[in-house]
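Remarks on the overall topology
Residues per chain are reported as follows:
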Amino acid sequence: MTTDLMESGNGELGTCVDVHSRTSRALEADAPSERAGVATHCAYCGLQCAMTLTGSTTTDLAVAPRRFPTNRGGLCQKGWTSAELLRAPGRLTTPLVRRDGELVPASWDDALGIVADAIVRTQTAYGRDAVAVFGGGGLTNEKAYQLGKFARVALRTSQIDYNGRWCMSSAAAAGIRSFGLDRGLPFPVTDIGSAHAVLLLGANPAETMPPFLTHLVRAAEAGGLMVADPRLTPTAAKAVDGGGLHLQLRPGSDAALALGMLHLAVTEGYADRHFIAERTSGFDDLWPIAAQWLPERVERVTGVAVTTMRAAVAALARARDTERGAYILSARGTEQHATGTDTVSACIGLALALGLPGNPGTGYGTITGQGNGQGGREHGQKADQLPGYRKIDDPAARAHVAAVWGVDPADLPGPGRSAFELLSALGTDGGPRVLMVHGSNPVVSAPDARVVSERLTALDLLIVSDFVLSETAAVADVVLPVLQWAEEEGTLTNLEGRVLRRRRALTAPVGCRSELEIWSELAGRIGCSTDFPTDPRTVFDELRRASAGGPADYSAVTWERLDAGESLHWPCSTERPQGTPRLFLDAFATPDGLARFVPVDHVGPAEADDAEFPLVATTGRVLQHYQSGAQTRLVAELCASAGEMFVQVHPDTASAVGLGEGDLADVVSRRGRTRAAVRVDEDMRADVVFLPFHWGGEARANSLTHAALDPTSRMPEFKACAVRLEAIA
Amino acid sequence: MTRTRRHVLVVGNGMAGARLAEEIRQRDPEAARFAVTVVGEEPHPAYNRVLLSTVVAGGITPRDTRLKPGGWWAARHIDVVTGTRVTSVDVDAHTATLGTDGTGRTGRTERIVAWDELVLATGSTSFVPPTDGLYAGAPRPGAVLADGVVAFRTVDDCGRIVEAAGSASTAVVIGGGLLGLEAARGLLARGVDVTVVHPQDFPMDRQLDADGGAVLSRVVRGIGARLVLGRFVAARHARTDSVPAHVVLDDGTSLAADLVVVATGVRPRTDLAVAIGLDVARGVVVDDRLATSVPHVHAIGECAEHRGEVPGLVQPGWDQARVLADVLTGSDPRAVYEGTSVLTRLKAPDIDLASMGTVDVDVHDPGHEVLAFTDPSRGRYAKLVLRHDRLVGAILLGVGDAAGALTQLYDTGSVAPRDRLSLMLGRAISRSGTTEGVNLAEMPGTAVICRCNTVTKSAIVGAFRSGADTVGAVADATRATTGCGSCKSAVDGLCSWLRSAEPTSPTPAPVPAPAALTEGAA
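All figures in this text were calculated on a predicted structure; none of them were measured in a lab.

A count of helical and extended segments in chain A gives 27 helices and 29 strands. Dimensions of chain A, computed from the C-alpha atoms along their principal axes, are close to 70 × 65 × 55 Å. The burial tally for chain A puts 66% of its 729 residues in the buried class. Long-range pairs, those at least 24 residues apart, make up 73% of the contacts in chain A with a sequence separation of at least 6.

Now for the sheet that holds strand β5 (residues 102-105) of chain A. Residues and elements named next belong to chain A. In spatial order, the strands read β5-β4-β18-β17-β16-β6-β7; together these seven strands make up an open sheet with mixed pairing. Of all the strands in the sheet, just β5 and β7 (160-162) have a single pairing partner and so form its edges. Adjacent strand axes in the sheet meet at a mean angle of 20° when their direction is disregarded. The pairing of strand β16 (residues 434-438) with strand β17 (residues 461-466) spans five bridges and is parallel. Note that in β17 the partner of Val437 across the bridge is Val464.

All names here are of chain B. Counted at 1.5 Å a residue, the expected span for helix α6 (residues 210-222) with its 13 residues is 18 Å, and the 18 Å between its end C-alpha atoms agrees. The set of residues buried in α6 consists of Gly212, Gly213, Val215, Leu216, Ser217, Val219 and Val220. Where the residues of α6 are buried, they touch α5 (178-189), β11 (193-198), β12 (226-229), β22 (351-357), β24 (380-387) and β25 (390-397). Looking one or two residues beyond α6, the residue adopting positive phi is Gly224, at roughly 110°.

Residue placement: Thr407 of chain B occurs in helix α9 (residues 403-412). The sequence separation of Thr407 of chain B and Ser500 of chain B amounts to 93 residues, and the corresponding C-alpha distance is 50 Å. Ignoring sequence-local partners within four residues, the contact set of Thr407 of chain B consists of Glu299 and Arg300 of chain A together with Leu343, Ala354 and Met356 of chain B.

This paragraph deals with the environment of Pro360 of chain A. All names here are of chain A. Tracing the backbone through its elements, the reader meets Pro360 in the loop between α17 (340-353) and β13 (362-366). When the C-alpha positions of Pro360 and Arg72 are compared, they lie 22 Å apart, and in sequence the two are 288 residues distant. Residues within four places of Pro360 in sequence aside, it is in contact with Arg582 and Leu585.

With that settled, the discussion passes to the interface of chain A and chain B. On the chain B side, the residues contacting the 54 residues of chain A number 50 residues. Put simply, the parts of the chain that give the side of chain A that touches chain B at least two residues each are α2 (21-28), α3 (77-80), α10 (234-241), α11 (254-267), α13 (283-292), α14 (295-302) and α15 (306-321) of chain A. At six residues, the largest contribution of residues to the side of chain A that touches chain B is made by α13 of chain A. Residues of the side of chain A that touches chain B, tallied by class, amount to 24 nonpolar, 15 polar and 15 charged.

Partitioning chain A into domains gives domain 1 (3-86), domain 2 (96-166 + 372-563), domain 3 (169-367) and domain 4 (615-727). Across the side of domain 1 of chain A that touches domain 3 of chain A, the residue classes break down as seven nonpolar, four polar and two charged.

Residue and element names in this part refer to chain A. Bridge count for strand β19 (residues 490-493) against strand β20 (residues 499-502) is four bridges, and the pairing is antiparallel. By the bridge assignment for β20, Thr493 is matched with Val499. In textbook terms, the turn of a hairpin is the stretch between consecutive antiparallel strands, and for β19 and β20 this stretch comprises five residues, one of which, Gly497, has a positive phi near 80°.

Here is what the cut-offs are and how they apply
- Residues numbered from 1 in each chain as written.
- Chains lettered and ligands numbered in written order.
- Predicted model: local features only at pLDDT ≥ 70, side-chain atom pairs only at ≥ 80, totals over all residues.
- Helix = DSSP H or I, 4+ residues; strand = E, 2+ residues; numbered from the N terminus.
- Buried ≥ 20, exposed ≤ 12 C-beta atoms within 10 Å, placed from the backbone.
- Contact = placed C-beta atoms within 7 Å.
- Pairing = 2+ DSSP bridges.
- Axes fitted to C-alpha atoms, helices over the stretch in contact; angles between N-to-C directions.
- Expected span 1.5 Å × (residues − 1).
- Nonpolar A, V, L, I, M, F, W, Y, C, P; charged D, E, K, R; others polar.
- Domains from an automatic or database assignment.

This is how it looks when you write it as structure tokens:
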């Protein structure tokens, strides 16, 4: 049996239709020899498509898709070209240190010496919290875990957070609030594949994770794919083509839409009153709020017709009643708001009213974005968190983790600042003066990025670990060259909570080091006696112990089991040795086992449009690029396909300021301006412009965005800010 | 309660009064500055009146109409007094007399409370015409109606309709306005044989024009209601041993009516305002700060008349409550209420009707631009009235898909899309971003066939000409179909077309027969 088959051998492939029949069958037939290649997963998004790498040098390494339940043998252009990243020009192979204003090559000893000295000097003078850490949702589980441990045990700083705060935090907070637990999809992604009704809220997987669409084929063909998005995205177009629905809402009106649909579910008899009575609490608190969101009122706020809302609710209920599968899935469009947590709670309220969560064949989930967006939010790089999805202010959690780390629980710091608050405090009185960045490019990806860029320059020392000179690395004082995906071993946890192995296919270029080595070395240099192992497998075994008993319990997941092809979804412990593909079937993870309706209301965007800034800007991704684009912009084929920075706008809106297709325009908000080529699109709402966020400099979309933060999740308002469009004189 | 707090006394526990209490608490959450008392005549906690027609239709119960869960008001230090009327007010002494009518357990009681700010949110009452047989006794406003006759205003009315519908097999709804049609729709859902009697030539005549009204008449009849137009009910007769209950119209026609629902409009409740001595026209006259003619006395909701308008819908009352809360608490001292754009939307799953703004404008009116679409046999009618490129009125019947975009255009006063057909559809006429259903022959070479891998038609044609003549071979050569797989049929169609168009020729393909293409692409 091949490794390929074993890893995917969970019985679900029998029902799959492979996307890429020829190549995948050919690979599948190969024996697991070196010649057959290395089975690993994609460098990019949270779907973590399975792929096989052949070749053993940077130049001859080739990527082929591999049969696996999540991607069914498919890969998008990013995945196909991911080997190019390994041979991208500008790969960093030596540490860089800023001298006389220039980044110049330095030895590892010198670079780490500068870092260690700065840490010690700064902490001695200004206290532990004067050194901060910023992580990323693309880091492996081992690195995410070790980074949290390094911050709490070696640096003993509370100042650690990561870019996942800007990704999954609202969905996570709302999930915990209602279900007692946050796992993006509480069921295998393949469950969606049999559903006849799927409502996507602010999700555009046709561009953000294309192979995910294979799981939507049945719904689309049944006319049951429904997409709520301000734009007619390729995903929404697919829905419409199949006879499904596009709910073209105004940005930031998602909560009103969800409450209006909940209203309709109740008044038109689609609510599952039995489920509400038996398996939930709090309906009586949410319903009176939804009752005031008459669909006719929601229509005025969202721009979504009552008939469309009604049809969407009816389609979900019909699929549920006929046992043909009904799912509601949210993503960043709905979540990345200053009211994101409440908005997701409203969406969950709709799902609960329809009785979808916690039952086989139906459900609610959030589509995790970053490569390790799931695992990365579980193991302690979040300001308020310890490994295993434990809370840092929970004494029992502190005691457990401190014991694993061999330290006194009292020595563990408490919760620190959230991502934007952390970055905007840099170099201020009482704020951090030294920052270490791992797996993130906040100069491009932070909200109100001009402010964040300014704060970075106020630091005494900025240390960036990356394998390319990202916009953030370019302004660093020390740049440490690290490994990238195909050069390292580790695990990632995909969007459905399944733990996957990342495997090494190549030896890293001479001069690069793993972050695990960097932290181990630095810990020693700053006088920390705790052991920081550098072998990923050893780190994973420690992570297992640290997570044991926590909500995200990995204790029974071993590399041996993963390498033997077992499909393991957390929690996976001695009590649940086979893992938990489907959560909540018997009870929710709340203390009383009931899912909670949370009484939330629609508030709307923090920044209203007005005469000066009459349009709403919303941001997102294009298919060819990933996140800040630091990686994908290095791949020539992707750049050629995606073109340059653009602003998508209705032709009337463009011509009102004298702009036409291809013209260069400035998009201006109260915080900054972004230069982009006009792309006219008749399907745009006339009051909305869309900007992709993959570029820096003048083309940086986040120069515009608003850093109003969600009170619970601290998610910034990425998806709605007031702007105007200007022709360039 | 300390006297350093100001006491706001709200008369009326309806949707406007209750909302005002809530808005004040949002601005003073700890009740540090304001004590709030809401006095309501009905014995129930505040409920959502707009949902009553849904209760009649059977979707929800009266309990589901509560505005807030039990204990909500008390937990927020809002003193709600139900089953009680404000019987008199002394505007000089700033006091009010609260009385119960003696039907409750407490018997007839009176007490006097002091207030600093008085807000009238007394709403309106159903107008029931003095037709023979509708009242139990002498016809006068507020008098008891005869058995089998229900006005449609309160949750208790709603309960009576539901109860009567259980035994009634026939009902006559007097009045074909919004409420009458919603009541008729609800009764139909309960299996009652319903006739709507309306004195005008078409229902909802205040919101529609004649053409739209004619289409609506067809729609109403189409869902199973009888509709009698241009007539009024002259008398109603209770059941006797020999004759079932019925109504007699002005032309002598008799209609069986086990139940009569009166939906002939509402009148603002201004009796208290008149007694106080406030300026009252149709309603209590208020200015842009919701102030009446007497200092510290305010009015909101359906009892208030603002700039000559008396609202009949909930949204203006809510908007007024927000502004008045800003004014009273000082949280926005400059807050003013400048009116609410009125949009009427019939709430019935099978009648999709929206009406907004100015609609009774002739298609050829020189001062307006009017677009119209009439499709009576399918129950569709759309009329859009524009002035200076902005939507100032619309009737949308049976074209619900467009309602979302159009209501927002109307509300925001934005410039309408230049393409008027798109305007009417509420979306672009041709959608971009999809390759499905597109003629492959006519598609430009730069068109992306495989989005996941950005593979263009030209690239596939090139691969085909280099020998990749199957989907699998094209996939290997270009990666087309290897992402989400949904372009597989398009690639297959392209290969079929190329095979038939240029079996061996390396030169560009002639345009093939469209039929073959369609087949291949399907």
